[in-house]
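Residue strings, one per chain:
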Amino acid sequence: MAMISRKRLELVAKKMRSSSSWSRSNCRVPHGCVPIYVGEEHKLYEVPVECLSSVMLQALLIQFQEEIPANGPLSLPCSPQMFDWVIGLAKSDQEIINTVHDL
C-alpha cells in the first residue's frame, strides 16, 4: 500500500493555515494538529500530527485520495463514526509507540 508521507500532510496543513481559502468559520487548529473535515456535515477534527503515520489513517486517506480537494481544507467523505474509529486506533498505536520509547 502506498503511504502518504507525513511531511506532505504537514506541508498541506501549513499551507491550509496560511491560505485565504482556509477559513470555514475562521477555525483555529492547535499547533501540532491537522484540521480534517469529515462527512456531509463537515465535522471538524483536530488530528495530532503524530497520528498521521497510523496505518489505518493512511489507508483511509488513500481510499479517498481522489475525493480530497487540492486546495482548501482537507475533507473526507466518510462517516464521522468511521473516522472516530480510525482515529481511536491511530491514538492507540501512538500510545503503544510512546510506551515502547519510554522503556
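Higher on the page you've got the structure.
These remarks concern the structure in this document.

With mixed pairing, 3 strands are arranged side by side in an open sheet as E2-E1-E3. Every interior strand has two partners, whereas the edge strands, strand E2 (43–48) and strand E3 (74–76), have only one. This sheet shows a mean twist of 35° between the axes of neighbouring strands, independent of strand direction. Sheet analysis places strand E1 (residues 33–38) next to E3, joined by 3 bridges and oriented parallel. Bridged to Tyr 37 within E3 is Ser 75.

Despite not being glycine, His 42 shows a phi value in the positive range, around 55°. Take His 42: it is sitting in the loop between E1 and E2. A relative accessible area of 35% places His 42 in the partly exposed class.

Right, let's talk about the side chain of Ser 54 for a bit. Within the secondary structure layout, Ser 54 lies in the loop between E2 and helix H2 (55–63). In terms of polar contacts, Ser 54 uses its side chain to reach the backbone amide nitrogen of Met 56, at 3.3 Å.

Turning to the state of the cysteines, a few remarks are in order. Going through the model one piece at a time under the given rule, you end up with 0 disulfides. With no disulfide partner, Cys 51 has as its closest neighbouring cysteine sulfur the one in Cys 33, 8.6 Å distant. What makes Cys 51 buried here is its relative accessible area of 3%.

Cut-offs and rules
Residues numbered from 1 in each chain as written. Predicted model: local features only at pLDDT ≥ 70, side-chain atom pairs only at ≥ 80, totals over all residues. Heavy atoms only, no water. Pairing = 2+ DSSP bridges. Helix = DSSP H or I, 4+ residues; strand = E, 2+ residues; numbered from the N terminus. Axes fitted to C-alpha atoms, helices over the stretch in contact; angles between N-to-C directions. Buried < 20%, exposed > 50% of the residue type's maximum accessible area, 1.4 Å probe, protein only. Polar contact = N/O pair within 3.5 Å; in protein donor to acceptor, adjacent residues only side chain to side chain. Disulfide = S-S within 2.5 Å.

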